[in-house]
Amino acid sequence: MNFYSLNKQAPNVSFKDAVIKGIAPDRGLYFPENITPLSASFFENIESLSNVEIAFEAIKQFVSEEIPENKLKAILTTVLDFDFPVVKIDKNTATLELFHGPTMAFKDVGARFMANCLGYFSEGENKEVTVLVATSGDTGGAVANGFLGVKGVKVVILYPSGKVSDIQERQLTTLGKNITALEVDGTFDDCQKMVKTAFLDDDLLGKMQLTSANSINVARWLPQLFYFLFAYKEVKSKGKEIVFSVPSGNFGNICAGMMAQKLGMPVKQFIAATNVNDTVPQFMKTQEYNPKPSTATISNAMDVGDPSNFIRIRHLFKDNFEDLSKNLSSYSFTDEETKKAMIQIHNTCGYAADPHGAVGYLGLKKYQENEVNTYGIFLETAHPVKFLDIVENTIGKKIEIPTQITKVMDKEKISIKIETYNELKDYLLDN
Ligand SMILES: *Cc1c(COP(=O)(O)O)cnc(C)c1O
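Residues numbered from 1 in each chain as written. Predicted model: local features only at pLDDT ≥ 70, side-chain atom pairs only at ≥ 80, totals over all residues. Heavy atoms only, no water.

Peer 1: Would you explain the overall build of the protein in this entry?
Peer 2: Looking only at helices and strands, one finds 20 helices and 14 strands in the protein. Taken over C-alpha atoms, the radius of gyration comes to 21 Å for the protein, in line with the 22 Å a tight globule of 431 residues would show. With the C-alpha coordinates aligned to their principal axes, the bounding extent of the protein is approximately 60 × 50 × 40 Å. Taken over 431 residues, the protein has a buried fraction of 58%. Within the protein, contacts between residues separated by at least 24 positions form 75% of all contacts whose residues are at least 6 apart in sequence. Carbon and sulfur atoms make up 46% of the accessible area of the protein, which amounts to about 17,500 Å² in all. Between the averaged position of the 45 positive side-chain charges in the protein and that of its 53 negative side-chain charges there is a distance of 2 Å. (Helix = DSSP H or I, 4+ residues; strand = E, 2+ residues; numbered from the N terminus. Rg over C-alpha atoms; globule rule 2.2 N^0.38 Å. Buried < 20%, exposed > 50% of the residue type's maximum accessible area, 1.4 Å probe, protein only. Contact = heavy atoms within 4.5 Å. Areas by Shrake-Rupley, 256 points an atom, 1.4 Å probe, with all protein chains shown as cover. Lys, Arg positive; Asp, Glu negative; His and termini not counted. Charge placed at Lys NZ, Arg CZ, Asp CG, Glu CD.)

Peer 1: Honestly, the environment of Phe84 in this entry has me stumped. Any pointers?
Peer 2: One can find Phe84 in the loop between helix H4 (69-79) and strand S4 (86-90). With a relative accessible area of 6%, Phe84 lands in the buried category. Taking the C-alpha atoms as reference, Phe84 lies 7.9 Å from Phe99; in sequence the two are 15 residues apart. Beyond its immediate chain neighbours, meaning those up to four positions away, Phe84 contacts Asn51, Leu96, Glu97, Leu98, Val109, Tyr227 and Phe230.

Peer 1: I would appreciate a short explanation of the nonpolar core in the present structure.
Peer 2: Counting residues in each nonpolar core, the largest one holds 106 residues, and the members touching the most others are Phe3, Phe15, Phe113, Phe147, Leu225 and Phe244. In terms of residue count, helix H11 (residues 225-235) provides more of this core than any other element does, nine residues in total. Within the second largest apolar cluster, 29 residues are counted, among which are Phe99, Ala352, Val359 and Val385. (Core = buried A, V, L, I, M, F, W, Y, C linked by side-chain atoms within 4.5 Å.)

Peer 1: Which parts of the structure should I look at to understand the site of the ligand?
Peer 2: If you check the shell around the ligand, you find 15 residues, and the closest are Lys107, Gly249, Asn250, Phe251 and Thr381. At a separation of 3.0 Å, an oxygen atom of the ligand approaches a polar side-chain atom of Asp138. Between the ligand and Phe251, the relevant distance is 2.9 Å, taken from an oxygen atom to a main-chain nitrogen or oxygen of the residue. Relative to its unbound accessible surface of 390 Å², the ligand loses 96% to contact with the protein. Residues belonging to the shell around the ligand are distributed by class as follows: six nonpolar, seven polar and two charged. (Near = heavy atom within 4 Å. Polar contact = N/O pair within 3.5 Å; in protein donor to acceptor, adjacent residues only side chain to side chain. Nonpolar A, V, L, I, M, F, W, Y, C, P; charged D, E, K, R; others polar.)

Peer 1: So what exactly am I meant to see when it comes to a positive patch on the surface here?
Peer 2: On the surface, Lys88, Lys91, Lys238 and Lys240 cluster together to form a positively charged patch. Locating Lys91 in the fold gives a position in the loop between S4 and strand S5 (93-97). (Patch = residues over 30% accessible without salt bridge, like charges linked within 9 Å, V, L, I, M, F, W, Y side chains within 5 Å. Salt bridge = Lys/Arg side-chain N within 4 Å of Asp/Glu carboxyl O.)

Peer 1: Is there a simple way to explain the environment of Gly110 in this structure?
Peer 2: Here Gly110 lies in helix H5 (residues 107-122). Taking the C-alpha atoms as reference points, Gly110 and Phe333, 223 residues apart in sequence, are found 27 Å from one another. Beyond its immediate stretch of four places on either side in the chain, Gly110 contacts Ala219, Arg220 and Pro223.

Structure follows, in structure tokens:
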């Protein structure tokens, strides 16, 4: 399958090149040339398929030719070796838990899939690929874990010194091997600026193959559509119209859900739930897209003022606002409302939601006020342990620390401190 740039000023490329480049030379995001719906029998018989079989059927059209079917199945078996349970909250509501992977946030699947694809493509190539990524927390750990030990790929992660949690810092600084953590004296925005500068630095690009590992990369974005199919398989027998509420930051996850819908999965509505960073909820009200600087919240993985994947969503609906609003509702919630929701969910069924999941729950409940006959699923994107202080203080209950987390807690942190872009560049050229 070929991919084109949404800016339309760059040549179409293969899946392989889209993964290796990350973003098109005209700075546009890549988008698949065709989306062919899966057969009706696929959805009729989905209960009889394993997760790997579902994922294979869904992704193969985007990857085909460039990764042989046997190899693709092997990759999916490695990537999807944990569970994605749907847990009942109340009569018409359930949560889809996406946090059972190695770093306990939903980014594990995308990061692992991208790492395995890049690893496959770099076999037999003599040019090493360097993955450069800035993180405010979860992305770094998922990427470090996913790419660990992948031959032909080096990973350089920039994170703001003192501004990620202890757990998150250990997840990205203790692995070693092909993973290097650069500890930046500055904020997440400073890290991101350095990464952007590197991607525009022709001198650097002439000397090395750089790619990104955030959800603009098609290999990180597309596999997220599996989640929605897995959930559909679980709740199809309820016989109700299904709605998904997705706690959204860069809108990669929800956009992947909409791809599952384009593949023929029956969904009544998607709900993009955000914290006070409400660029998209405002757009759905006013039809005006006004990006703004981000505001810090307790659901900090969604502190995004200019969501990079929203352009893909608009494109999916051919920029027709009426069509888009028939499929997408979007609501924004404050930290106070989020904490109240965490308490309410805990009181309803003893469930400990993290702040991101709680925002998803709020979006769902708001939508269901008028759509009482729908069956709603909100995505739980991180394990509550990743936001331990807020969760424990809000619901007044201790959270048990899972083994994935205890394993990294006593490992030694190794990072290289940098302050300026030139130090980053020197590091990249020297190593
Ligand atoms: C990244 C992240 C999100 C936001 O996902 P997008 O695809 O950027 O919208 C939500 N919750 C958690 C815990 C995350 O790590």
